[in-house]
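Chain and residue survey
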Amino acid sequence: MAPSRIALIPPISAARWLLVLVVIAGIYFFHGFVVPVLAALVIGFASWPLYRELLRRIGGNTTIGASLAILFILTFLIVPIGIAVSYAIGELREWIGWAVEANRVGAPPPEWMLGLPWAGAWLGEQWRHYIGTPGAFGELIQLVSGANIGNIYRAVVAAGGGAFHLLLSLLFMLIALFFVYRDGAAFTRQIDLLGERILPNRWERMSRVVPATISSTVTGMTLIAIGEGIVLGIAYWIAGVPSPVTLGVLTGIMALIPGGAPLSFTLVSIYLVASGSYFAGVALFIWGTVELFIVDKTVRPRLVGGPIKLPFLPTFFGLVGGVKTMGFLGLFIGPVLMALIVSIWREWIREIKLADTGEIEGADLATGSETPPPPPADVPVIRKVSSP
């Protein structure tokens, strides 16, 4: 008989380290797909209640349901946003062309600026000094950004090549989203098994807080921002504002930041009043105020039902850090990650407070077990699955 051998590394430890190495290798080789996969997970979590209703109506076929869900997202979300962005890019090209021409021959100050009370004469003088003479606009841009206007123009034109990368990311996101819809239930059961092993005492509550947080953040920030951009963009067009599509897109982006939408339509209203369109400016300001009041008092409380409501500073850092790290998709992923950080932090603080007071809600003091709160009705819940 062969002598028994003792393994230097226990089989379970070896398997765990091998799994860690495989995960690290996968992140290294496929890090370019992290952003599309994160975007697919965020959209999947946010739209899961609607997807469950769709599955119920078609009899539970996940493949057909995932295909229909992707088709609906393309029809009602991706295509309209793409059309708006294409119009905005066309309007931005006109602005850039005007800037290049103003740098070449100069540009006189607009009449509405000169007509402003108190500050009109001073603003006109500054305009003539920095923009009115040939080459002055380029010197101003070089002073502010460290690059001349020619380099900026070439950089903007070369940015069209980045549109191809954005389209590829969008394609990968849709592919990942299809499998999130089709295999989401099985994937959550596998995540639940790992979560119970890693965080046995916290996973029950975390598995409810995290999906609710993602759904609340995406619904409360993204969809409302898109709606405000569309509504106010139409109002800009009716009021006769130049480049209404670009201003509508900028308003939608600003609406992601608390206080951004009121600042946007207020500045546009001031421009209309200063240019002589008194009725249009006042009407736009009143309409924006009423629309914002209705959204904040009726629509937002109905859509935002999660446990985490981000304050201004984490929202701002999430937006800036997301855009800097992930580009345009960071506008949506950054605040979600910040919301998850805030939710985990609050869960830890809650546990510390409960440990200090010795009072655990729903806990059986004899056994030390804790009964988790009921799951939200409008988000996917990772349920505990018993291993075979």
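Residues numbered from 1 in each chain as written. Predicted model: local features only at pLDDT ≥ 70, side-chain atom pairs only at ≥ 80, totals over all residues. Heavy atoms only, no water.

**Quick word on the overall build of the protein**
Scanning the protein from terminus to terminus reveals 15 helices and two strands. Pairs at least 24 residues apart make up 68% of the contacts formed inside the protein by residues separated by at least 6 positions. On the protein, roughly 24,400 Å² of surface is accessible, and the fraction owed to carbon and sulfur atoms is 72%. (Helix = DSSP H or I, 4+ residues; strand = E, 2+ residues; numbered from the N terminus. Contact = heavy atoms within 4.5 Å. Areas by Shrake-Rupley, 256 points an atom, 1.4 Å probe, with all protein chains shown as cover.)

**With respect to the packing of aromatic side chains**
Taken as a whole, this structure holds four aromatic pairs when the rule is applied. Pairing Phe178 with Phe179 gives two aromatic rings, centres 5.3 Å apart and planes at 85 degrees, and the pair type is edge-to-face. When its relative accessible area of 19% is taken as the criterion, Phe178 is described as buried. Among the aromatic residues, those joined into a ring-pair cluster are Trp48, Tyr51 and Tyr181. (Phe/Tyr/Trp six-rings, centres within 6.5 Å; stacked < 30°, edge-to-face > 60°. Buried < 20%, exposed > 50% of the residue type's maximum accessible area, 1.4 Å probe, protein only.)

**Some details on helix α3 (residues 48-58)**
Buried within α3 we find Trp48, Tyr51, Leu54 and Leu55. An end-on view of α3 places all buried positions within 115 degrees of arc, on one side of the element. Residues of α3 that are exposed and point more than 90 degrees away from the buried face comprise Leu50, Arg56 and Arg57. Immediately downstream of α3, the backbone of Gly59 shows phi near 90 degrees, a positive value. (Arc of directions from axis to C-beta.)

**Re the nonpolar core**
A general trend in soluble globular proteins is that nonpolar side chains are found buried together. Of all hydrophobic cores here, the largest spans 18 residues; its most connected members are Tyr51, Ile70, Met173, Leu177 and Tyr181. Mapped onto this core, the elements with two or more residues apiece are α2 (34-46), α3, α4 (62-105) and α9 (160-198). Top element by residues in this core is α9. It accounts for six residues. Excluding residues that lie within four positions of it along the chain, Met173 makes contacts with Pro36, Ala39, Ala40, Ile43 and Ile78. With eleven residues, the next largest nonpolar core counts Ala235, Tyr236, Ala239 and Val268 among its residues. (Core = buried A, V, L, I, M, F, W, Y, C linked by side-chain atoms within 4.5 Å.)

**What to know about helix α6 (residues 120-132)**
For α6, which comprises 13 residues, the first-to-last C-alpha distance of 15 Å sits more than 12% below the rise-based estimate of 18 Å (1.5 Å per residue). Residues Gly120, Gly124, Trp127 and Ile131 constitute the buried set of α6. The buried residues of α6 occupy one face: seen down the axis, they fall within an arc of 70 degrees. Across from the buried face of α6, at angles greater than 90 degrees, the exposed residues are Ala121, Trp122 and His129. (Expected span 1.5 Å × (residues − 1).)

**Let's talk about the pattern of salt bridges**
Summed over all chains, the structure comprises three salt bridges. The salt bridge involving Arg56 is made with Glu53; its shortest N-O contact spans 2.5 Å. Of the two residues, Arg56 and Glu53 both sit in helix α3, three residues apart, roughly one turn of that helix. Glu53 sits in the partly exposed class, given a relative accessible area of 30%. Residue Glu53 pairs with Arg57 through a salt bridge whose shortest N-O separation is 3.2 Å. Here Glu53 and its partner Arg57 are both found in helix α3, four residues apart, which amounts to about one turn of the helix. (Salt bridge = Lys/Arg side-chain N within 4 Å of Asp/Glu carboxyl O.)

**Notes on unusual backbone geometry**
With a phi close to 55 degrees, Ser243 is a non-glycine residue in the positive phi region. Of note, Ser243 is situated in the loop between α10 (203-239) and α11 (244-254). Take Ser243: its relative accessible area is 12%, and that puts it in the buried class.

**Notes on the packing of α11 against helix α12 (residues 260-274)**
Direction vectors running N to C along α11 and α12 enclose 150 degrees, while the axes themselves pass 7 Å from each other. Here α12 runs roughly antiparallel to α11, going by the angle between their axes. Helix-helix and strand crossings are classified by hand; for α11 and α12 the assignment is right-handed. Contacts between α11 and α12 involve Leu247, Thr251 and Met254 from the former and Gly260, Ala261, Leu263, Ser264 and Val268 from the latter. For the contact of α11 with α12, the residue count by class is five nonpolar, three polar and no charged. (Axes fitted to C-alpha atoms, helices over the stretch in contact; angles between N-to-C directions. Parallel < 35°, antiparallel > 145°, perpendicular 65-115°, else oblique. Left-handed = near helix turned anticlockwise from the far one by under 90°. Nonpolar A, V, L, I, M, F, W, Y, C, P; charged D, E, K, R; others polar.)

**Notes on the side chain of Ser269**
Relative to the elements of secondary structure, Ser269 occurs in helix α12. Not counting chain neighbours up to four residues away, the residues in contact with Ser269 comprise Gly281, Leu284 and Phe285.

**Focus: the environment of Asn103**
Relative to the elements of secondary structure, Asn103 occurs in helix α4. In this structure the C-alpha to C-alpha distance between Asn103 and Ile131, which are 28 residues apart in sequence, comes to 7.1 Å.

**Let's talk about the side chain of Ser47**
Looking at where Ser47 falls in the secondary structure, it is placed in the loop between α2 and α3. Residue Ser47 is classed as buried on the basis of its relative accessible area of 17%. Looking at Ser47, its side chain comes within polar contact range of the side chain of Tyr181, at 2.4 Å. (Polar contact = N/O pair within 3.5 Å; in protein donor to acceptor, adjacent residues only side chain to side chain.)

**Topic: the environment of Leu55**
Here Leu55 lies in helix α3. On a C-alpha basis, the gap between Leu55 and Leu68 in space is 9.8 Å, while along the polypeptide they are 13 residues apart. Aside from chain neighbours lying at most four places away, what touches Leu55 is Gly60, Asn61, Thr62 and Gly65.

**Quick look at a nonpolar patch on the surface**
On the surface, Tyr28, Phe29, Phe30, Phe33, Val37, Leu168, Leu171, Phe172, Ile175 and Phe179 cluster together into a nonpolar patch covering about 980 Å² of accessible area. Of all the elements in the fold, those that place two or more residues in the nonpolar patch are α1 (11-29) and α9. It is α9 that contributes the most residues to the nonpolar patch, five residues altogether. (Patch = residues over 30% accessible without salt bridge, like charges linked within 9 Å, V, L, I, M, F, W, Y side chains within 5 Å.)

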